[in-house]
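Here is what each chain is made of, one letter per residue.
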Amino acid sequence: MREEISDMSEDDETGERARWAPDLSKNRSDDSDSGPGPPIGDSPPPFSDQVLENVLENVLEFLTSRRDRNAASAVCRSWYRAEAQTRRELFIGNCYAVAPHRAVERFQSIKSVVLKGKPRFADFNLVPFGWGAQFEPWVKSFGAAYQHLERICLKRMSVTDKDLTIIAESFPLFKDLTLICCEGFSTLGLAVIAERCRHLRVLDLIEDYLEDEDDEVVDWISRFPETTTSLESLVFDCVTCPFNFDALERLVARSPSLQRLRVNHHVALEQLRRLMARAPQLTHLGTGTFRSEVGFGEVDPNLDLVSAFGASRSLVCLSGFREIEPEFLPAIYPVCANLTSLNFSFANLTAEELNPVIRQCHNLQTFWVLDSVGDEGLRAVAESCRDLRELRVFPLDPTEDSDSSVSDIGLQFISEGCRKLRSILYFCQRMTNAAVVAMSKNCPDLVVFRLCIMGRHLPDRITGEPMDAGFRAIVMNCKKLTRLSVSGLLTDKAFEYIGCYGKLIRTLSVAFAGDSDGGLRYVLEGCTRLQKLEIRDSPFGDASLISGLPFYYNMRFLWMSSCNLSMRGCKEVARNKPNLVVEVIRDVVEEEEEEIEAVEKLYLYRSLAGARTDVPAFVKIL
Amino acid sequence: MSVETERSSTESEVSGLDYEETALTLRLPGGTSRVAGSEPDRKRGFSETVELGLGSGAPVGTRGVGSTDDQSDESPESQASVAEKPPAPKARVVGWPPVRSFRKNVMKSCKLVKVAVDGAPYLRKVDLEAYTGYHQLLTALQEMFSCFTLRNYPDEERKLVDPVNGTEYVPTYEDKEGDWMLVGDVPWKMFVESCKRVRLMKSSEAVNLAPRAQHS
C-alpha cells in the first residue's frame, strides 16, 4: 500500500537518535540518514574479511528501515561498507545537507530516491521565488551513477523539463515518479516522461505548480505508448490546463493494472462515467469536478453514474469533487461502505448535503472536508466514522477574518466519536481550551495535532484566557505525539509545557505566539527529539536563538521569520557552529551594501556540504 | 467630464468602504479582467498576485530580486483580499492562514461572466466571485465603463446613468434558464450561482423585465 501524501509529511523513520543517547561521533549529521563513517577511499580489507562482508551483505539486504540501517552502518568499517552496498532507498530530508556526489559515492546501488528541498513555509509564500532546491545537480549525479534507479520522489524541489528529460534518458528501468509541491516543469516534460519511460508504473503529480502558458500546452496524455502499459497510478489533478480526454480514455482502456486515477477539473461527470467504465478495477479515484457538463434537467446521467459506482467494487478512496453539484452525490452511495479514504476538501457542502453520504461511511479512516459542513456536519462524522484515524478540516474562505462554521463544538463532537484518531488538522475561528482538553483525553493515540485558529492571538472564546491550558493537555495526555502546530493566544507558559511534556515531538510549528525569549528556550531545551522547528511572527530574539546552540546539530532545520532576530545573534550562531548553514533571507535587496541589522527570515540547517554555491542575491549565508 | 470628478461625486453615494476598495486595487489600463482573477493559474499561482493585476506575474510579496513593484510589497495580500470582503481591521500578513496556494486557487473558483453595455462595442469580463455583494459589483461596473455614475433610487432600484446624455442603464443578467432578470432581485449568492452574463440595458428597453420574476 503506497504512502499517501499525509505520510510524506511525517518522516517515520528518521534514524535520528534521542539527544542524550551515547553518540559514536560528536559531529554526526543525519540528514542523509546515512550515519557516520570512515573516510571514503580507505584500503580494501583482507580476504577473510571480504567473505564476512559478503555474508553480511546478504543479511543486510533484509534490513529496510532507515534507522536500523544507520545503526548498522555505525558498527564498524566492514558493516559500513556492507550497508552502503546493500542500501536500496536513499532518503535525503534536506537537499542541501549533503552534496550529490558524496551521496552517490557512498551508496552505489540505489533504486529509489526520496529528496526534499524547500522548507515547508515555502508553501505559504514565505520563501522568495528562486531560493533554490534545484533538482538539476542531483539528477545529473544520479544519471551518471544509478543505472538501476526505479523510483524518484521529490518534495518542494524545483524541477525543470530538462531534468525530466534526463530522467527519461538515464534510467532504463524507471518506474515511479512522484512530485509533491514541486515547480518549474511543464506538460512538455510530462510528455517526455510519458513517451520514453516504457516501464512507467506511477506518475503522481501532487499539488505541483506547472509552468504552462495557455498556448504552449503539450498533449502529454497522447504520448504514452500505444501498447498495453504497466501504469498503476496516474495522478494529475494539479495539472490545471486542459488535456486530451479521448486519449486518456484510450490510455485507461489499455492499462489493465491501473488502480489509482485522479484527473483534473476538466472532467465532468459524463466523462467520468466513461473512464470508470474502462477501469472498474480502480481502488483510488479522483473525480476532478463533480458536475454535469450540461445544464440542469437536460440529461440525467444519474442512472449511469450509479451503475458506474456500483460496478466499482474495489474503490476505497475517493477525492476530487470540485464544483460539486450535490444532487449527484447519491451516485456514490454504493461505494460508501467500502471507503477508507474520502476527500471532500474541495467540495462546498452543507451539513445536510454531507449527512446522507457520511452516514454510510462506516469504514472511513481518512476524511478531508471543508468547514462549510459546520459543527453539525462534524457531528455526523463523529457518529458515523468510529474508525477514523485522520481528519482534516479546511477553511472554505481561507482568510483571517472569515466566518468559519466550525468551532470548539465540532472538535468536541469529533473527540467523542472518533476515539482512534491519530492525526488532525483543524482550521477554525473559535476554540476553547475545554474542547482541546477533551480531545487530549478522548484521543490518546494522537500522533499529529495541528490546530489553526485563523484569527491571530485569539483566546478561549468562552473564558477569554490564553490557549495554554489546551495545548498543555495535548502534550501531557497524547503520549505518542510527534507533530504539533499551535495557534491562538499563547503565552510562554504554553512553551514551557511543550518543552516539559513534548518529549517525542519532532516537528513543531509556531505562529504569532509567546511572550519572550523564554518561550523558545523552553522548547529548545525540553524537546529532545525536535527535528524541524518553524516559527513565524513570534517575539523570540537573539538570546533564545543562541540558547539553542547545543541542539542545532541534532535537528534538521530551524526556520524563524518575523521574529526579533538580528545579524549579531545569527552571526554568533554561524561562528560557533561550523557545520550549520545559516541563511538570512531578505525580501527586497537593497542597492547599497549597507547591512540591515534586523533579520527578517532565518533558515538554518546542519550540513555536510557547507555553504551552498547556488545562492541567489537575496540570500546571505553567514 | 473627468473621471475624477465623477468618482468624487459618487463618493457620497458609494460608501467610503467601497471607494477604498476600488481605489486600492491596482489595475492595468483596461486590464479589468486581471483584477477579476481571470488567470488564477498565473505564474506562481498566488491569488494575491493575480488580484493585483500586475503584469509581471512574479509574486510581489515574495520576489526577492529587482522587483520593480517595491512599493506594492507593503501589503499585497491586504489589497488582494480587499476585493473579496470589506476591509479587515488588521493588516493582512503573508501566508496566513497557512493554506497552500493550490488550495486557495481551487477554492477561489472563478465565476467569470461577460458584461455588455448597450451601444458599446466592447465586452468586459468580471469575476463575480471577487465581489461580496451587489454594491461592489455595480461600483466595479461603473468603474469599468467609466462613463456612468451610480445612483441609488429611493425604491432601491439601482441604475447606472450616463451623465453626458442622461441615459439610464439598468443592469440585467441572463440566468441559467436563459431568462433575463434585473440585477439585484435575488440574494447575492443565488445571483452568483445562476448568472451567466450581464447586460447593461437601456432603461427604456428594460420595461419588459418583471422585477422579482423568478422561480424559487
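Residues numbered from 1 in each chain as written. Chains lettered and ligands numbered in written order. Predicted model: local features only at pLDDT ≥ 70, side-chain atom pairs only at ≥ 80, totals over all residues. Heavy atoms only, no water.

Caption draft 1: Here's a closer look at the overall build of chain A. The helix and strand tally for chain A stands at 21 helices and 21 strands. Taking all 622 residues of chain A together, the buried fraction comes to 61%. When contacts within chain A are restricted to residue pairs at least 6 apart in sequence, those whose partners lie at least 24 apart make up 72%. Accessible surface, chain A as shown: approximately 23,300 Å² in total, 51% of it carbon and sulfur. (Helix = DSSP H or I, 4+ residues; strand = E, 2+ residues; numbered from the N terminus. Buried < 20%, exposed > 50% of the residue type's maximum accessible area, 1.4 Å probe, protein only. Contact = heavy atoms within 4.5 Å. Areas by Shrake-Rupley, 256 points an atom, 1.4 Å probe, with all protein chains shown as cover.)

Caption draft 2: Here's a closer look at the packing of aromatic side chains. Considering all chains together, one arrives at 27 aromatic pairs over all chains under this definition. On the numbers, 6.1 Å between centres and 75° between planes, the contact of A:F121 with A:W559 is edge-to-face. With a gap of 438 residues between them, A:F121 in the loop between β2 (112-116) and α6 (136-145) and A:W559 in strand β18 (residues 557-566) connect regions that are remote in the sequence. The pair formed by A:F121 and A:W559 is uniform in burial state, with each residue classed as buried. When the ring centre of A:Y553 is taken as reference, the NZ or CZ atom of A:K577 above it lies at 4.7 Å. Taking NZ or CZ as reference, B:R199 lies 5.9 Å from the ring centre of B:W180, over its face. (Phe/Tyr/Trp six-rings, centres within 6.5 Å; stacked < 30°, edge-to-face > 60°. Lys NZ or Arg CZ within 6 Å of the ring centre and 35° of its normal.)

Caption draft 3: Geometry of helix α6 (residues 101-108) of chain B. Across the eight residues that make up α6(B), a large majority, eight, are buried. Those residues of α6(B) lying buried are B:S101, B:F102, B:R103, B:K104, B:N105, B:V106, B:M107 and B:K108.

Caption draft 4: Spatial organisation of the pairing of strand β3 (residues 151-155) of chain A. All names here are of chain A. Extensive coverage of β3 is indicated by the burial of five of its five residues. Side chains R151, C153 and K155 of β3 all project onto a buried face; the interleaved residues I152 and L154 project onto the opposite face, where all are buried too. Handedness of the β-α-β unit built from β2, α6 and β3 comes out right-handed. Relative to strand β4 (residues 176-180), β3 runs parallel, the two sharing five bridges. Bridge pairing in β4 places K155 opposite I180. Considered for its hand, the β-α-β crossover made up of β3, helix α7 (residues 161-170) and β4 is right-handed. (Right-handed = clockwise from strand over helix to strand, strands pointing away. Pairing = 2+ DSSP bridges.)

Caption draft 5: Seen up close, the UniProt feature "domain: Transport inhibitor response" (unreviewed entry) in chain A. UniProt feature "domain: Transport inhibitor response" (unreviewed entry): in the numbering of this structure it lies at residues 109-154 of chain A. A helix fraction of 22% and a strand fraction of 20% characterise residues 109-154 of chain A, whose end C-alpha atoms lie 19 Å from each other. (UniProt positions renumbered as here; feature names shortened; annotations may be inferred.)

Caption draft 6: Region of interest: the packing of helix α14 (residues 374-384) of chain A against helix α15 (residues 408-417) of chain A. All names here are of chain A. Relative orientation of the contacting elements α14 and α15 amounts to 0°, with a least axis distance of 8 Å. Classified by the angle between their axes, α14 and α15 sit roughly parallel to one another. Taking contact as the criterion, the partners of D375, E376, L378, R379, V381 and A382 in α14 are, on α15, I409, G410, F413, I414 and G417. Classifying every residue of the contact of α14 with α15 by side-chain character gives six nonpolar, two polar and three charged. (Axes fitted to C-alpha atoms, helices over the stretch in contact; angles between N-to-C directions. Parallel < 35°, antiparallel > 145°, perpendicular 65-115°, else oblique. Nonpolar A, V, L, I, M, F, W, Y, C, P; charged D, E, K, R; others polar.)

Caption draft 7: Representation of unusual backbone geometry within the structure. With an omega of -5°, the peptide bond running from B:W96 to B:P97 counts as cis. With respect to the helices and strands, the residue B:P97 is situated in the loop between α5 (76-82) and α6. Backbone geometry places A:H457, a non-glycine residue, at a positive phi of 60°. With respect to the helices and strands, the residue A:H457 is situated in the loop between β14 (448-453) and α17 (468-477). Backbone geometry places A:S562, a non-glycine residue, at a positive phi of 55°. Structurally, A:S562 is set in strand β18. Here A:S562 falls in the partly exposed class, since its relative accessible area comes to 27%.

Caption draft 8: Structural view of the confidence of the model for chain A. Residue and element names in this part refer to chain A. Summary statistics for chain A give a mean pLDDT of 90 and a share of 90% for residues scoring 70 or more. Segment residues 1-10 is flagged for pLDDT under 50; beyond a separation of four residues in sequence, or across chains, it makes 29 contacts in the model. Across residues 12-40, where pLDDT falls below 50, the model places 76 contacts with residues more than four positions away in sequence or in other chains. (pLDDT = per-residue confidence, 0-100.)

Caption draft 9: Expanded view of helix α2 (residues 47-60) of chain A. Residue and element names in this part refer to chain A. The terminal C-alpha atoms of α2, which comprises 14 residues, lie 20 Å apart, in line with the 20 Å expected from a rise of 1.5 Å per residue. Among all positions in α2, only E53, L56 and L60 are buried. Taken down its axis, α2 places every buried residue within 65° of arc, on the same side. Facing away from the buried side of α2, by more than 90 degrees, are the exposed residues F47 and N58. Turning to α2, the residues buried within the fold contact α3 (66-73) and α4 (77-86). (Expected span 1.5 Å × (residues − 1). Arc of directions from axis to C-beta.)

Caption draft 10: Structural detail: the side chain of A:S170. All names here are of chain A. Locating S170 in the fold gives a position in helix α7. According to the relative accessible area criterion, S170 is buried, its value standing at 16%. In terms of polar contacts, S170 uses its side chain to reach the backbone carbonyl oxygen of I166, at 2.6 Å. (Polar contact = N/O pair within 3.5 Å; in protein donor to acceptor, adjacent residues only side chain to side chain.)

Caption draft 11: Structural view of the pattern of salt bridges. Per the stated rule, a full pass over the model turns up 39 salt bridges over all chains. The closest approach of N and O atoms between A:R379 and A:E376, which form a salt bridge, is 3.1 Å. Taken together, the residues span about one helical turn, with A:R379 and A:E376 both in helix α14 at a distance of three residues. By relative accessible area, A:E376 is classed as partly exposed at 45%. Between B:R197 and B:E174 there is a salt bridge; the shortest N-O distance is 2.6 Å. Linking B:R197 in strand β7 (residues 195-202) with B:E174 in strand β5 (residues 168-175), this pair joins segments that are 23 residues apart in sequence. Residue B:R197 is classed as partly exposed on the basis of its relative accessible area, which comes to 40%. (Salt bridge = Lys/Arg side-chain N within 4 Å of Asp/Glu carboxyl O.)

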